[in-house]
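If you want the building blocks of each chain, they are given just below.
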Amino acid sequence: MKRLLVYAAAALLLLANACGEEPAAIAPPKTKGKTAPELKINGAPVSIVESGTSFEISISTDSEGEVSFSADKPSLANVSKNAALEYRITVASVKDATVTLVAYQKAEGKFSEAEQKVSFRIKGSGEGILPGPDDEVAGNAVNYTELAGAAYGPERGMYLGYEINGEGDIPKADDVHSRCMQGYRVQLLEFCLGPFISGSISQAYLQYVQRSFDAVREGGAKAIVRFAYVFRYDENKDQNVVTDGTVEQVLRHVQQLKPYLRRNEDVIFVLQAGFVGAWGEWYYTSHFGMNPNSEASYKPRKQLTDALLEALPPSRQVELRTPKFKMGMYNLSLADTLTAERAHDGSIYSRLAGHNDCFVADAEDKGTFDNNISRKFWKAESRYTIMGGETCAVSDYSVCGQTLKDLEDYHWTYLNDGYHEGVISGWKSGGCYGEIVKRLGYRLVLKDVHYGAVASGQPCKVTIRFYNKGFAAPMNPREAWLVWKGSDGSSVKTALGVDPREWYSGYNAVVATFTPSSDKGTLYLELSDPLLPTRPEYSLPLANEGVFNSETGMNKLFEIK
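*Asks:* Mind showing me how you'd approach the state of the cysteines here?
*Replies:* By definition, a disulfide links two cysteine residues through a covalent bond between their sulfur atoms. With the rule as written, the count across this model stands at two disulfides. Linked covalently through their sulfurs, Cys 400 and Cys 432 form a disulfide whose S-S length is 2.1 Å. Disulfide Cys 400-Cys 432: torsion about the S-S bond near -80 degrees, hence left-handed. Pair noted here: Cys 400 is in helix H7 (residues 400–409) and Cys 432 is in the loop between helix H8 (421–430) and helix H9 (433–439), with a separation of 32 residues, a long-range link. The class of Cys 400 is buried, set by a relative accessible area of 13%.

Here it is, written out as structure tokens:
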């Protein structure tokens, strides 16, 4: 049983075979040169852009490395490619928002990788005050019925995992897909680095990492990712076990893994900080400080955290094992918790999330919380950052009533369905397991839609009212579109002008305008993944009967016949 106890790991033994077979060693590739390409974003606005307008930019570079270009809020700034390294940005009609454009170039030849960012603010009149749930709304009304069961959308829900020691442990795409069909849309990849605790990660194992991500992508899931050196620990027997590499060694491993984290941004849901201690849970550590809440341990842990944030694509978050780590490493107090204005702004603080691996195990969740302040910190932070993990012990706190309250208070998005068996069995017998499955993460339920007259070429106002009955908002970048499919075969796609990451639990509303291309047709809401826009299984479903089409990834709002 995993317990969060402070323990002095007095070991000097190296676990050459700590986690399984060692792949055949292959010499690492030669290090790229240090010269950086002159990567520049040209023509970007320096401050303010009027809502509803467009502008063009170009990218110049001395390197031949592959260039990717994106906006941190794709639903507010739609990026389309005009020509090689030339792009058009169309800004949504919103009242006030800040958008950051990011150009990233892979290493090539003598050049190392490079990244450039520019930000601008959108200014406009917006659509006015949003209606409340009981307000009268003008126009034609459409009402909907909520699904009785779960809407198994991406990046949320119960998960199962894979521990990858050798080639035989690499997940197969068919197995990943089969789990998705059972509702496990997020799946844990635990990579065991034990054989490399005192050396470089072999090229063979790095290929295991890539092949695991490829299987997750092909199978239609997203990955919770963790790296560690030892996936076992008995506090009564393993006092001499080396659980991690030296700080320098771990940081070298992060640099080796960086290209794989960058390359697989599309299927990485979240990265757990890992690396330190048994299971990568930052306890029972050999090299990162005996007392995890001391200044001596905060320094190396912060070095690792900063390295992980830099290695991971900026759109993704890193989860820490306790709130105290974030507070201690970055000198934060309860007054410094994230706000709606600072959420998802790309800062270090907005990208540091949490995972609780002893959820509802006792009053402190086995050391996850050291006082009420740390509890309040995570309650506030998890509104804007990813929260997930697993249980580890049956207790008076793991009963249904307390569990549901904690899932709501800490905005849980994902939970291990394989551990702890006794706790999960208690939820099933207690009658709350089904509700947990339905409400982990987001659960977007349409209340009604109101729309004006539909005529070809004429603007049509649409009001969408819905509830998020889940525990949390969607967390990673997400596009939001109104898509008009005309009966004549025409199609019009209009940015909704909102960020779905702001659809918190409770009532929500969106007011937008689109221009139909025909008098008759169907209006859809598409909540696609900006990195996987052609994969319908990665689009968010609404939890209403007869609305979501799994083959297209679109939600049907209404049809004009």
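*Asks:* Quick question: what am I supposed to make of the sheet that holds strand S1 (residues 40–42) here?
*Replies:* The strands making up a sheet associate through hydrogen bonds between their backbones, and the pairing can be parallel or antiparallel. The four strands are arranged S1-S3-S6-S5 in an open sheet whose pairing can be described as antiparallel. Taken across any chain shown, the strands that pair with only one partner, and hence form the sheet edges, are S1 and strand S5 (77–83). Strand after strand, the sheet turns through a mean of 30 degrees between neighbouring axes, direction not considered. In this sheet, strand S6 (residues 86–91) lies alongside strand S3 (residues 54–60) in antiparallel orientation, the contact comprising five bridges. Note that in S6 the partner of Ser 54 across the bridge is Thr 90.

*Asks:* Is there a simple way to explain the sheet that holds strand S18 (residues 444–451) in this structure?
*Replies:* Strand order in the open sheet formed by four strands is S9-S18-S19-S22, with antiparallel pairing between adjacent strands. Looking at which strands have only one partner, the edges of the open sheet turn out to be strand S9 (140–143) and strand S22 (506–514). Going from strand to strand, the sheet's axes swing by 20 degrees on average, the running direction of each strand aside. In this sheet, S18 lies alongside S9 in antiparallel orientation, the contact comprising four bridges. Its bridge partner lying in S18, Val 142 is registered against Val 449.

*Asks:* I'm lost on helix H2 (residues 203–219) in this one. Help?
*Replies:* An α-helix turns once per 3.6 residues; consequently, residues spaced three or four apart project the same way. A rise of 1.5 Å per residue sets the reference length of H2, with its 17 residues, at 24 Å; its end C-alpha atoms lie 24 Å apart and thus fit the reference within 8%. Burial runs high along H2: 13 of the 17 residues are buried.

*Asks:* What exactly am I supposed to notice about the packing of aromatic side chains here?
*Replies:* This model, assessed by the stated rule, comprises 22 aromatic pairs. Summarising the aromatic geometry, the rings of Tyr 330 and Tyr 349 are spaced 5.9 Å apart at their centres and angled 85 degrees between planes, so their arrangement reads as edge-to-face. With a gap of 19 residues between them, Tyr 330 in the loop between helix H5 (323–329) and strand S15 (352–359) and Tyr 349 in the loop between H5 and S15 connect regions that are remote in the sequence. Members of the aromatic cluster, connected to one another through ring pairs, are Phe 191, Phe 213, Phe 227, Tyr 229 and Phe 275.

*Asks:* How should I be thinking about the environment of Tyr 442 in this particular structure?
*Replies:* Position of Tyr 442 among the secondary structure elements: in the loop between H9 and S18. Put simply, Tyr 442 and Ala 363 are 79 residues apart on the chain and 27 Å apart in space, counted from C-alpha to C-alpha. Beyond its immediate chain neighbours, meaning those up to four positions away, Tyr 442 contacts Gly 153, Pro 154, Glu 155, Arg 156, Asn 468, Gly 470, Ala 472, Ala 473, Pro 474, Leu 540 and Pro 541.

*Asks:* Got a minute to help me understand unusual backbone geometry in this structure?
*Replies:* Across the chain, the bulk of peptide bonds are trans and the bulk of non-glycine residues have phi less than zero. Residue His 420 follows Tyr 419 across a cis peptide bond; omega there is 5 degrees. The residue His 420 is located in the loop between strand S17 (414–416) and H8 in this model. A positive phi angle, close to 70 degrees, is found at Phe 275, a residue other than glycine. Assignment of secondary structure puts Phe 275 in the loop between strand S13 (268–272) and helix H4 (295–311). Looking at Phe 275, the relative accessible area reads 1%, which means it is buried. Even without being a glycine, Trp 282 presents a positive backbone phi close to 75 degrees. By the element assignment, Trp 282 lies in the loop between S13 and H4.

*Asks:* Can you help me understand the packing of helix H3 (residues 247–263) against H4 in this one?
*Replies:* Packing of H3 against H4 leaves a shortest axis separation of 9 Å and a crossing angle of 15 degrees. Overall, the two elements H3 and H4 adopt an arrangement that is roughly parallel. Every pair of crossing elements has a handedness; the one defined by H3 and H4 is right-handed. Facing H3, whose interface residues are Val 247, Val 250, Leu 251, Val 254, Gln 255, Lys 258, Leu 261 and Arg 262, H4 presents Pro 300, Gln 303, Leu 304, Ala 307, Leu 308, Glu 310 and Ala 311. Along the lines of polarity and charge, the residues of the contact of H3 with H4 split into ten nonpolar, two polar and three charged.

What counts and what doesn't
- Position numbers for residues start from 1 in each chain and track the written sequence from start to end.
- Whole-chain, interface and lining totals are the exception, using all residues; otherwise, since this is a predicted model, local features are given only for residues with pLDDT of at least 70 and side-chain atom pairs are given and counted only at 80 or more.
- The basis for every side-chain value is the complete set of non-hydrogen atoms in the structure, without hydrogens or water.
- Cysteine sulfur pairs qualify as disulfides if the two atoms are within 2.5 Å.
- Each helix is a run of DSSP H or I of at least 4 residues and each strand a run of E of at least 2, with the numbering of both proceeding from the N terminus.
- Remark: exposure states derive from per-residue accessible area (1.4 Å probe, protein chains only) relative to the maximum for the residue type, with buried under 20%, exposed over 50%, and partly exposed in between.
- Only strands joined by at least two bridges in the DSSP assignment are considered to pair.
- Orientation is described by axes fitted as lines to C-alpha atoms, over the contacting stretch for helices, and by angles from 0 to 180 degrees between their N-to-C directions.
- Under the convention used throughout, the expected extent of a helix is 1.5 Å for every residue step, that is, one less than its residue count.
- Only Phe, Tyr and Trp rings are paired, with Trp represented by its six-membered ring, and only when their centres lie within 6.5 Å; those with planes under 30 degrees apart are stacked, over 60 edge-to-face, the remainder tilted.
- Whether two residues are in contact is decided by their heavy atoms: any pair within 4.5 Å suffices.
- In these notes the angle categories are as follows: under 35 degrees is roughly parallel, over 145 is roughly antiparallel, 65 to 115 is roughly perpendicular, and the rest is oblique.
- Helix crossings fall into two classes, left-handed where the near helix is turned counterclockwise from the far one by less than a right angle and right-handed where it is turned clockwise.
- Lys, Arg, Asp and Glu make up the charged group, whereas Ala, Val, Leu, Ile, Met, Phe, Trp, Tyr, Cys and Pro make up the nonpolar group; the residues left over, Gly among them, are polar.

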